[in-house]
Amino acid sequence: MFVSSLVFGVYYPPDWAVAEYHALYRQVQETPNSATANFELAMNYAYTGRVLKGLDTLKKVDALDPDFSGKIVAYYQAKRKADPAVWQHAFKLGFGLYFDGKKEAAEAAFHAVLDLEPEHVWAMGYIGLIRGEAKDYDAVLDWCQQALDIHYDLAAIHFLIAEAYAAKDKGFRAFSHRARAASLLAEEKLAKSHIYGDPDTPDDE
């Protein structure tokens, strides 16, 4: 699974995404039973590399509204049609399609993100994830390497590479990337208070 953030070389999300996180987190605190609010927060986690947090939040979304993925697909298809230049619309559509079981369409949506933001490392990672589920491990390695060529210290990407190498019975290479991912995750814990402000915020524990 993915995860990341930065300080000491760890991935550092852009300032706008950190500010967006705080706003979305407050919205979830105010409306905890809103599937929409929780989904938007999960998406912020997803495109800032905090993937474990994102997955946990998406589980909450599913519990609040088991039919939400279909609603998200319809909503962001319309948003993309109205404003195709906004990469977030394609990104969120990709997640909706993925959880709606439409993985080929989800992969196409993440490719659309890259058409708009060619160096979007997390879109590359999610394409790699989908290719891995299709057992196309060479494609996983290719997409992950493209992401690492942009930013080497991405824990989630190293973990994906490790899983691909393990599937190809290349144990030493798998171990090497798992070790790097574990090291980055440890650094991430130290980075959170610097990136997100309050180290005592329950959301960041």
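The following paragraphs examine the structure supplied in this document. Note that the structure is predicted; figures quoted are calculated from it, not measured.

As for the overall build of the protein
Within the protein, the regular secondary structure consists of ten helices and zero strands. Secondary structure of the protein in N-to-C order comes out as α-α-α-α-α-α-α-α-α-α. At 17 Å, the protein has a C-alpha radius of gyration in line with the 17 Å of a compact globule built from 205 residues. If you line up the protein on its principal axes, its C-alpha atoms span 45 × 40 × 30 Å. At a minimum sequence separation of 6, the contacts of the protein that also span at least 24 residues come to 60%. Surface exposure of the protein reaches about 9,900 Å², of which carbon and sulfur atoms provide 54%. Taken as two groups, the 21 positive and 30 negative side-chain charges of the protein have centres that lie 4 Å from each other.

Remarks on the packing of helix H4 (residues 68-82) against helix H5 (residues 87-99)
Contact pair H4 / H5: the axes reach a minimum separation of 8 Å and the direction vectors enclose 150°. In terms of orientation, H4 and H5 fall into the roughly antiparallel class. With respect to the hand of their crossing, H4 and H5 are arranged in left-handed fashion. Listed contacts from H5 to Ser 69, Ile 72, Val 73, Tyr 76, Gln 77, Lys 79 and Arg 80 of H4 are His 89, Ala 90, Lys 92, Leu 93, Gly 96, Leu 97 and Phe 99. Tallied by class, the residues present in the contact of H4 with H5 amount to seven nonpolar, four polar and three charged.

Digging into the nonpolar core
Core analysis: the biggest nonpolar cluster contains 48 residues, and Met 43 and Phe 91 have the highest contact counts within it. Put simply, the parts of the chain that give this core at least two residues each are helix H2 (35-46), helix H3 (51-64), H4, H5, helix H6 (103-116), helix H7 (121-133), helix H8 (137-150) and helix H9 (155-167). Those residues in contact with Phe 91, other than ones at most four positions away along the chain, are Met 43, Ala 46, Tyr 47, Phe 110, Val 113, His 120, Ala 123 and Tyr 126. Core analysis: the next-biggest nonpolar cluster, separate from the first, contains eleven residues, Val 18, Tyr 21, Tyr 25 and Val 28 among them.

A word on the environment of His 120
Its location among the elements puts His 120 in the loop between H6 and H7. Classification of His 120 by relative accessible area gives buried; the value is 10%. Here the alpha-carbon distance between His 120 and Tyr 47, two residues 73 residues apart in the chain, equals 8.7 Å. Among all residues touching His 120, those that are not within four sequence positions of it are Tyr 47, Trp 87, Phe 91, Val 113 and Leu 114.

Describing the pattern of salt bridges
Scanning the model with the defined rule gives nine salt bridges in all. Residue Lys 92 pairs with Glu 40 through a salt bridge whose shortest N-O separation is 2.6 Å. Here Lys 92, found in helix H5, pairs with Glu 40, found in helix H2; they are 52 residues apart in sequence, far enough to count as distant. The same class applies to Lys 92 and to Glu 40, which are both buried. With a closest N to O distance of 3.3 Å, Asp 136 and Arg 131 form a salt bridge.

Criteria and thresholds
- Residues numbered from 1 in each chain as written.
- Predicted model: local features only at pLDDT ≥ 70, side-chain atom pairs only at ≥ 80, totals over all residues.
- Heavy atoms only, no water.
- Helix = DSSP H or I, 4+ residues; strand = E, 2+ residues; numbered from the N terminus.
- Rg over C-alpha atoms; globule rule 2.2 N^0.38 Å.
- Contact = heavy atoms within 4.5 Å.
- Areas by Shrake-Rupley, 256 points an atom, 1.4 Å probe, with all protein chains shown as cover.
- Lys, Arg positive; Asp, Glu negative; His and termini not counted.
- Charge placed at Lys NZ, Arg CZ, Asp CG, Glu CD.
- Axes fitted to C-alpha atoms, helices over the stretch in contact; angles between N-to-C directions.
- Parallel < 35°, antiparallel > 145°, perpendicular 65-115°, else oblique.
- Left-handed = near helix turned anticlockwise from the far one by under 90°.
- Nonpolar A, V, L, I, M, F, W, Y, C, P; charged D, E, K, R; others polar.
- Core = buried A, V, L, I, M, F, W, Y, C linked by side-chain atoms within 4.5 Å.
- Buried < 20%, exposed > 50% of the residue type's maximum accessible area, 1.4 Å probe, protein only.
- Salt bridge = Lys/Arg side-chain N within 4 Å of Asp/Glu carboxyl O.

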